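Report on the structure
In case you want the letters, here they are:
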Amino acid sequence: MHPSNDTFMTGGQDRTVRMWDLRDHKPHGLLEANDAPAISYDPQGLIMAISVSHNQMSLYDCRTYKKGPFATLLLKTEGPHSQLKYIKFTPDSNYFLASFTSGPHMLFDAFEGERKAVYKSDGLGQDSVAFEPSISPDGQFLISGTTKGLRAWEVTTGSLLQTSSWDKSSSSSGG
């Protein structure tokens, strides 16, 4: 959902991004991607971020997206990663979080695409299904859970702050 008006976008398994207005039953815009796209608006609602492949993200001006992206960032990831699943901007729009269908979450500079931090969920198990991550309103913390447990990190450094298991008998602090 756009942060300041009644429009929203959807990313589909058909490799499209559709732009909608709540007052209309038909989409008013369409963009195509190479994979099922991850999508996000920046907090001010000026920029749309859309994944175009497993490690590429394009940035569009919301007002002129039909002209194409004003930037495409190549995300430098660690090892083999699967499809980009979630994109989340920090509240100041200076960074964005990229989450993949497997592998760690990563923080990138929103202007240059340089990787700033890596958030690993070690100990949750390979068979654990990841949930959508959240960044705190003050931009200081990242919370992410899986079917096995929960992790909390400091956003800019990537330091693990808290580890919890859904097993009520175990909870520990990271460092």
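As shown above, the structure is provided for reference.
Just so you know, these numbers come straight off a predicted model, no measurement behind them. (Residues numbered from 1 in each chain as written. Predicted model: local features only at pLDDT ≥ 70, side-chain atom pairs only at ≥ 80, totals over all residues. Heavy atoms only, no water.)

**Focus on the pairing of strand β11 (residues 115-119)**
As defined by bridge partners, strand β10 (residues 105-109) adjoins β11 across four bridges and the pair is classed as antiparallel. Bridging across to β11, Met106 finds its partner in Val118. (Pairing = 2+ DSSP bridges. Helix = DSSP H or I, 4+ residues; strand = E, 2+ residues; numbered from the N terminus.)

**A look at the sheet that holds strand β7 (residues 71-74)**
The strand order across the open sheet formed by four strands is β4-β5-β6-β7, and the pairing between neighbours is antiparallel. Only two strands of the sheet have a single neighbouring strand rather than two, namely β4 (39-41) and β7. Sheet twist, expressed as the mean angle between neighbouring strand axes with direction ignored, is 20 degrees. In this sheet, strand β5 (residues 47-53) lies alongside β4 in antiparallel orientation, the contact comprising three bridges. For Tyr41, the partnering residue across the bridge sits in β5 and is Met48. (Axes fitted to C-alpha atoms, helices over the stretch in contact; angles between N-to-C directions.)

**Quick notes on the packing of aromatic side chains**
Taken as a whole and judged by the stated rule, the model has four aromatic pairs. Taking the centre distance of 6.1 Å and the plane angle of 10 degrees together, the rings of Phe8 and Trp20 count as stacked. Linking Phe8 in strand β1 (residues 7-11) with Trp20 in strand β2 (residues 16-21), this pair joins segments that are twelve residues apart in sequence. By relative accessible area, which is 22% here, Phe8 ends up partly exposed. Here a set of aromatic residues connected by ring pairs shows up, and it is made of Phe89, Phe96 and Phe108. (Phe/Tyr/Trp six-rings, centres within 6.5 Å; stacked < 30°, edge-to-face > 60°. Buried < 20%, exposed > 50% of the residue type's maximum accessible area, 1.4 Å probe, protein only.)

**Topic: the sheet that holds β10**
The strand order β8-β9-β10-β11 describes an open sheet built from four strands, whose pairing is antiparallel. Of all the strands in the sheet, just β8 (84-89) and β11 have a single pairing partner and so form its edges. Neighbour to neighbour, the strand axes of the sheet diverge by 20 degrees on average, direction disregarded. In this structure, strand β9 (residues 95-100) lies alongside β10, joined through four bridges in antiparallel fashion. Residue pairing for β10: Ala98 is matched across the bridge by Met106.

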